[in-house]
Amino acid sequence: MNHPSGPRDARHAKIALDVDGEHRTLEVDTRTTLLDALREHLGVTAPKKGCDHGQCGSCTVLLDGRRATTCLTFAVAHDGARITTARGLADGDELHAMQQAFVEQDGLQCGYCTPGQVCSAVGMLDEFWAQHPSNVTEDLTAPPELTDDEIRERMSGNLCRCGAYTNILAAIRQAAEA
Amino acid sequence: MIPFDYERATDVDGAVATVTADPDARFLAGGTNLVDHMKLGVAQPGRTRPLRVSDAVEGTAVRRVGSAP
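Residues numbered from 1 in each chain as written. Chains lettered and ligands numbered in written order. Predicted model: local features only at pLDDT ≥ 70, side-chain atom pairs only at ≥ 80, totals over all residues. Heavy atoms only, no water.

It is worth spelling out the confidence of the model for chain B at this point. Residue and element names in this part refer to chain B. Of all residues in chain B, 65% attain a pLDDT of 70 or more, and the chain-wide mean is 67. Confidence drops under pLDDT 50 across residues 50-69; counting only partners more than four residues distant or on other chains, this segment forms 78 contacts. For this predicted complex, the interface score ipTM comes out at 0.81, alongside a pTM of 0.87. (pLDDT = per-residue confidence, 0-100. Contact = heavy atoms within 4.5 Å.)

Here it is in structure tokens:
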């Protein structure tokens, strides 16, 4: 028998999440994706639901510092996780360098994919600076170079149906070189 | 998606034991294929166990409600 304060049955779980610096607790059905937990249970609507099948990247957040598509993972599997959404990248009213670069380079049109793009770009640069190779890295023995092709490949999990890719590329380059 | 029980293993042996003991059990791992297939009803596992062997070994399982214990 469960503890009175525990989840009501094995199909539910009580979890705690650190979301953009705030400690949040909630009870979820085990089927609840992390995206639905954020949006529908906690009211954190920065990550967007585009395809809900991991193909568009609009639900991307930084999950314990690494980019992840929140529609393809169960909230129950992330008890205790630290989540940074596009909202949490900013420091109050001061935008993160990547957000500022998207504004300055006009890296969006409708903006629906933008929170995912920005989170993905921040996580992508961390991977790049940690010298992770990508599918287009030719020399796996040398540190990769941040070519346009490298940025495009590393951001290929984030689709923009408006087609703002040219300016997204410019924004990421600006943030990377800042 | 069918309801499932979720179990978190604390080590690799425990994760393997849970999955081998139940033909409906699955390793969840990153989940990016299995979760999508579960949404579509293609996969209907009784259990799903994300078995991540990285810095800390951690695993998880789900079991279909009503399946044999």
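Let us keep going from here.
Moving on: the packing of helix α3 (residues 97-104) of chain A against helix α6 (residues 165-177) of chain A. Residues and elements named next belong to chain A. At a closest axis distance of 8 Å, the pairing of α3 and α6 adopts a crossing angle of 140 degrees. Taken together, the axes of α3 and α6 lie oblique to each other. As for the relative orientation of α3 and α6, their crossing is right-handed in sense. The residues of α6 that touch α3, namely those facing Ala 97, Met 98, Ala 101, Phe 102 and Glu 104, are Ile 168, Ala 171, Ile 172, Gln 174 and Ala 175. Classifying every residue of the contact of α3 with α6 by side-chain character gives 8 nonpolar, 1 polar and 1 charged. (Axes fitted to C-alpha atoms, helices over the stretch in contact; angles between N-to-C directions. Helix = DSSP H or I, 4+ residues; strand = E, 2+ residues; numbered from the N terminus. Parallel < 35°, antiparallel > 145°, perpendicular 65-115°, else oblique. Left-handed = near helix turned anticlockwise from the far one by under 90°. Nonpolar A, V, L, I, M, F, W, Y, C, P; charged D, E, K, R; others polar.)

Nonpolar side chains tend to gather and get buried jointly when the protein is soluble and globular. Of all hydrophobic cores here, the largest spans 31 residues; its most connected members are Leu17(A) and Leu38(A). Mapped onto this core, the elements with two or more residues apiece are β1 (12-19), β2 (22-29), α1 (34-41) and β3 (60-63) of chain A together with β1 (4-9) and α2 (34-40) of chain B. Each residue touching Leu17(A), except ones within four places of it in the same chain, is listed here: Glu22(A), His23(A), Arg24(A), Leu26(A), Leu34(A), Leu42(A), His78(A), Ala81(A) and Ile83(A). In this structure, Leu62(A), Cys119(A), Met124(A) and Ala164(A) belong to the second largest nonpolar core, which totals 25 residues. (Core = buried A, V, L, I, M, F, W, Y, C linked by side-chain atoms within 4.5 Å. Buried < 20%, exposed > 50% of the residue type's maximum accessible area, 1.4 Å probe, protein only.)

This next bit is on the pattern of salt bridges. Going through the model one piece at a time under the given rule, you end up with 10 salt bridges over all chains. In this structure, the salt-bridge partner of Lys49(A) is Asp36(A), at a minimum N-O distance of 2.9 Å. Of this pair, Lys49(A) sits in the loop between α1 and β3 while Asp36(A) sits in helix α1, placing them 13 residues apart in sequence. According to the relative accessible area criterion, Lys49(A) is partly exposed, its value standing at 32%. Here Glu177(A) makes a salt bridge to Arg173(A), at a shortest N to O gap of 3.2 Å. Here Glu177(A) pairs with Arg173(A), and both are found in helix α6, just 4 residues apart, close to one helical turn. Here Glu177(A) falls in the exposed class, since its relative accessible area comes to 57%. Residue classification places Arg173(A) among the partly exposed positions, given a relative accessible area of 22%. Each member of the salt-bridge network shares a partner with another, and the members are Asp36(A), Lys49(A), Asp52(A) and Lys39(B). (Salt bridge = Lys/Arg side-chain N within 4 Å of Asp/Glu carboxyl O.)

So, on to the sheet that holds strand β5 (residues 82-84) of chain A. All names here are of chain A. Taken in spatial order, the 5 strands make up an open sheet running β2-β1-β5-β3-β4, and their pairing is mixed. Single-partner strands in this sheet number two, and they are β2 and β4 (66-69). Direction aside, the axes of adjacent strands within the sheet are offset by 40 degrees on average. Contacts between α1 and the sheet are confined to β1, β2, β3 and β5, with β2 contributing the most and set at about 110 degrees to the helix. (Pairing = 2+ DSSP bridges.)

Right, let's talk about the environment of Thr69(A) for a bit. Residues and elements named next belong to chain A. If you trace the backbone, Thr 69 turns up in strand β4. Judged by relative accessible area, Thr 69 falls into the partly exposed class, the value being 23%. Distance in space between the C-alpha atoms of Thr 69 and Ser 120 is 9.4 Å, their sequence separation being 51 residues. If we skip the residues at most four places from it in the chain, Thr 69 touches Gly 57, Cys 59 and Thr 60.

Attention now moves to the pairing of β4(A). Residue and element names in this part refer to chain A. Sheet analysis places β3 next to β4, joined by 4 bridges and oriented antiparallel. Across the sheet, residue Thr 60 finds its bridge partner in β4, namely Thr 69. Adjacent in sequence and paired antiparallel, β3 and β4 are bridged by 2 residues, among which Asp 64 carries a positive phi angle near 50 degrees.

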